[in-house]
Amino acid sequence: MGEAFGLMQDVPRQGGFGPATDGRWVSKGGYDHPAAGWGAAFSVADVLIRTREPFAGTKAMFVMNHPGRGYDCPGCAWPDDKGVTLDICENGIKHVTWEMTHKRVGREFFQNHTVTELANWTDFDLEDQGRLTEPMVYNAATDRYEPISWDDAFAMIGEQLRALESPDQAAFYTSGRLSNEASFLYQLFSREYGTNNLPDCSNMCHEASGRALTASIATGKGTADLEDWDQCDALFVMGVNAASNAPRMLTTLAAAVDRGAQVVHVNPLIEAGATRTIVPHEIIDMATFHTTPTSTDNLQVRPGGDFALIRGMAKVVFEAAESDPSVLDQAFIDEYTHEFEAYRRIVEATSWAELVEQAGLGEPEIRRAGEIYLAADRTVISWCLGVSQHEHAVDTIREIVNLLLLRGNIGRPGAGPSPVRGHSNVQGNRTCGINHNPTAAWLDRLDEVCGITSPRTHGLDTVHTVAAMHAGAVKVFVGMGGNFVRAAPDTPFTAAGLNQCDLTVQVSTKLNRSHLVHGRNALILPCLARTEADLQKNGPQSISMEDAMSSVQLSTGTRRPASEHLRSEPAIVAGIAMATLENSVTPWQDYIDDYSRIRDVMAKVLPGFEGYNQLVEQPYGFRIPQPARERDFRTPSGRAEFSLAPLPNVIPEDADILVLQTMRSHDQWNTTIYSNNDRYRGIRNIRELIFMNRKDMRMRGIKEGAFVDIVSYSKDGTTRSVQRFRALEYDIPRGSAAGYMPELNVLIGAKDYSAQSDQPLMKSIRVRVAPSAE
Ligand SMILES: Nc1nc2c(c(=O)[nH]1)N[C@H]1C(S)=C(S)[C@@H](COP(=O)(O)OP(=O)(O)OC[C@H]3O[C@@H](n4cnc5c(=O)[nH]c(N)nc54)[C@H](O)[C@@H]3O)O[C@H]1N2
Ligand SMILES: Nc1nc2c(c(=O)[nH]1)N[C@H]1C(S)=C(S)[C@@H](COP(=O)(O)OP(=O)(O)OC[C@H]3O[C@@H](n4cnc5c(=O)[nH]c(N)nc54)[C@H](O)[C@@H]3O)O[C@H]1N2
Ligand SMILES: [Mo]
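Just so we're clear, the structure is a prediction, and the values are computed from it rather than from any experiment.

> Any chance you could explain the overall build of the chain here in plain terms?
The helix and strand tally for the chain stands at 31 helices and 33 strands. The globule rule puts the C-alpha radius of gyration for 774 residues at 28 Å, and the 25 Å found for the chain is close to it. Expressed along its principal axes, the backbone C-alpha trace of the chain runs to roughly 75 × 65 × 55 Å. Buried positions account for 65% of the 774 residues belonging to the chain. A total of about 26,600 Å² of accessible surface is found on the chain, and carbon and sulfur atoms cover 52% of it. Averaging the locations of the 74 positively and 97 negatively charged side chains of the chain gives two centres separated by 3 Å.

> Before we go on, may I ask you to explain the sheet that holds strand 21 (residues 543-546) in this structure?
Note on sheets: strands pair through backbone hydrogen bonds, and any given pair is parallel or antiparallel. With respect to topology, 3 strands assemble into an open sheet ordered 21-22-23, the strand pairing being antiparallel. The two strands at the open ends of the sheet, each matched to only one other strand, are strand 21 and strand 23 (622-623). As paired elements, strand 22 (residues 551-555) and strand 23 share 2 bridges and run antiparallel to each other. Paired with valine 552 across the two strands is phenylalanine 622, which belongs to strand 23. Taken strand by strand, helix 8 (residues 180-193) contacts strand 21 and strand 22, and its axis lies near 90 degrees from that of strand 21.

> Just to check I follow, could you spell out the side chain of glutamine 427 for this structure?
On the secondary structure map, glutamine 427 appears in helix 21 (residues 426-431). The class for glutamine 427 is buried, based on a relative accessible area of 2%. Here the side chain of glutamine 427 touches arginine 421 through a polar contact of 3.1 Å, side chain to side chain. When sequence neighbours within four positions are dropped, the list of residues in contact with glutamine 427 reads Lys221, Arg421, Glu546, Asp547, Ala548 and Ser550.

> Could you clarify how one ought to interpret the packing of aromatic side chains in this entry?
What characterises a pair of aromatic rings is the spacing of the ring centres plus the angle enclosed by the ring planes. One pass over the full model with this rule turns up 27 aromatic pairs. When the ring of phenylalanine 172 is compared with that of tyrosine 186, the centres are 6.0 Å apart and the planes differ by 80 degrees; the resulting orientation is edge-to-face. Placement of the pair is phenylalanine 172 in strand 7 (residues 170-174) and tyrosine 186 in helix 8, with a sequence separation of 14 residues. An identical accessibility class is assigned to phenylalanine 172 and tyrosine 186; each is buried. Feature note: the residues Phe109, Phe110, Trp121, Tyr138 and Tyr145 constitute an aromatic cluster, connected by ring pairs. Here arginine 724 stacks its cationic end above the ring of phenylalanine 707, 4.1 Å away from the centre of that ring. Cation over ring: arginine 768 sits above tyrosine 713, and NZ or CZ is 5.0 Å from the ring centre.

> Please explain the site of ligand 2 as it appears in this structure.
Near ligand 2, the surroundings consist of 31 residues, among which Tyr173, Ser175, Glu569, Thr671 and Asn745 are the closest. Backbone polar atom of valine 507 to a nitrogen atom of ligand 2: 3.1 Å apart, as the coordinates give it. For ligand 2, an oxygen atom lies 2.6 Å from a polar atom in the side chain of threonine 671. When ligand 2 sits alone it has 930 Å² of accessible area, and the protein chains cover 97% of it. Class assignment of the residues belonging to the shell around ligand 2 gives a composition of 12 nonpolar, 13 polar and 6 charged. A domain split of the shell around ligand 2 shows at least three residues from each of domain 2 (132-202 + 425-527 + 567-606) and domain 4 (650-771).

Parameters and conventions
Residues numbered from 1 in each chain as written. Chains lettered and ligands numbered in written order. Predicted model: local features only at pLDDT ≥ 70, side-chain atom pairs only at ≥ 80, totals over all residues. Heavy atoms only, no water. Helix = DSSP H or I, 4+ residues; strand = E, 2+ residues; numbered from the N terminus. Rg over C-alpha atoms; globule rule 2.2 N^0.38 Å. Buried < 20%, exposed > 50% of the residue type's maximum accessible area, 1.4 Å probe, protein only. Areas by Shrake-Rupley, 256 points an atom, 1.4 Å probe, with all protein chains shown as cover. Lys, Arg positive; Asp, Glu negative; His and termini not counted. Charge placed at Lys NZ, Arg CZ, Asp CG, Glu CD. Pairing = 2+ DSSP bridges. Contact = heavy atoms within 4.5 Å. Axes fitted to C-alpha atoms, helices over the stretch in contact; angles between N-to-C directions. Polar contact = N/O pair within 3.5 Å; in protein donor to acceptor, adjacent residues only side chain to side chain. Phe/Tyr/Trp six-rings, centres within 6.5 Å; stacked < 30°, edge-to-face > 60°. Lys NZ or Arg CZ within 6 Å of the ring centre and 35° of its normal. Near = heavy atom within 4 Å. Nonpolar A, V, L, I, M, F, W, Y, C, P; charged D, E, K, R; others polar. Domains from an automatic or database assignment.

Laid out in structure tokens, this is it:
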């Protein structure tokens, strides 16, 4: 059933998973306008009109990310800027209006279309049907989803879960939108039921960041805040496409350049956000087309070359220290760190020749980056998927911390490591216990407060959940948001795993592929979206979210729900729990009647959440205290740990192999595709493409826009392929290539995950590219 994945190998659909296309594509080989600004405004207008929400959408913008009222943008995790009155961006607006659509998917829709038929639709068309309105259950006899009452749906889940031989035969997936309150209840349910199988989207996103930071400084999160970004003298932005994926960051970057800070982008591609922007909320700038630079330097590393660059910068620091020891913060090093001398030796032993080769940069470029770091009193280093989705990501992020430690760039204003998170509450999910591998101390506290006995065996993450489905070891899959089959690697393998389950449950706002690739029994449970009013017994309820910089805020939806049958995510979790756990010690109904009761319990379980209900009421909420930010490093040695990793080899042995990265276009939100355009890369109307270096194309006899077949080579020796993608010339380092997720997820083998982080290798797929047969 290849077509069920929307692969449609036999039909050339260059629109990929986006809307239908006439095939007339455009590639300008890049973008020569400033990021954000008027292009963004026109693109927003387009979405507002298409979702038929020009008025409500505009109104919604004014209550988004406002202190003390309104809702938190359900888009990315970039923190709210306290100085900005209208702190919104193009993609945030697209994101909210997408969930506000007037279109509905009711029972008639499912009556009119079998699942086999829907499987042939594009992903765009599935989501474009609008909001889901009532619970549905799959009927194999009719091959249709049919209405089911909430009580019957919960009873069905409870029955299946109780029938399992072991609670570890169930897996509970979380996508990063889930609120703190719902996350806490979800993990509480999972553990009271008896399993730590809590895979989440973070397993594909920033797992490496969490592991690296925990090992180095005993916190899973960045220590720098937005104020630190605003005060630093040097800012390194590594592996982030800011203009598309964290557009509100542009404002911060422009301000930094404006005040004379060095802003260095490290990326194989020169992304639009790495050049100039029209600051989106500066109305005068918009009117006068005033642009502000967002970078002072761009370093086009080779994929995975970040480690070598950072080590090279450390080498520059050590070299400078020979004549001027004060470039090292020796007092900090002596008091707060461990293994400094060993680190010095390992850096000195790494030759410039190796560093240059592995970074894919010239020695002068690496030296320049090192000089910028030396000249800066305060440095922030930030990163996203371009760093985290590689084999050696944990080592690379630890090397970033090493570099920061050398000059005491941690735990003081204007400095620190700063991972840029993805989903709006992905960081909060972890804080609240969505973690397949929690510490014993965390579970002890949960057990003590909640009166349950949590399992102590480690649970399954995303890639291991898929493997377990195949082995028949996981039989029930619950997806709390997200689009698992599309987001995970090796699409057919993941799909086959889901097909093998006894029951798949998807809690969703819109129809997506994961509803069509299902287990023997399947449920779709429609939930409230973040903009919608959540009315429970004790009145309207708010939820809370943690941004990428550890600030926790309330979010209150006010819109009328898309349907009267929707339930909130906390209520759905409680419904499942009450139908599953026979003698539960948890007062589920009380929690749902009034979410402040959930927060009262969370205040006792979660470190730093004491007084949660009061703290979160403040405008802009509160920042979770973080010992590492105060230079209190709670590692086993009690000090920040220099890591001593060898320089990894990131260059494929065979010169014929390209390293392919999968990334987002400007007009998509992960698996949701808004259009086939990628404005900032000069692309219109095409997604099934591969960006290549001109010389790599010529060597292979590939002309601009020609069809190519891409074959990927997995760690386990297996191969995978896609056919008839168009090769497009782009300014990208030789030996590397780029294309879009999730169209290219079929190329990532199920075993192709990092040995350090268990993250799928979404930014380094080994491929061969050749012209397609005519
Ligand atoms: N509008 C919008 N916003 C989003 C999302 C969305 O889909 N749409 N997704 C959200 C989510 S969940 C996440 S996790 C974030 C993702 O935000 P990003 O990390 O920006 O996501 P990608 O599109 O994967 O882009 C990866 C970037 O890393 C670069 N890169 C690739 N390989 C390397 C490398 O080896 N080294 C370096 N230095 N750079 C490299 C790529 O060229 C690209 O610029 O965005 C969040 N925000
Ligand atoms: N090849 C490749 N694959 C990747 C990546 C990559 O860079 N390359 N990135 C990875 C990353 S970083 C991530 S985070 C994952 C994303 O993985 P997911 O989080 O699983 O996927 P999304 O596309 O964000 O989920 C979209 C669906 O969420 C549902 N939804 C929207 N709003 C809500 C809500 O408020 N509540 C609920 N319950 N559901 C809602 C809608 O039904 C929608 O169809 O993908 C990963 N996959
Ligand atoms: Mo993500």
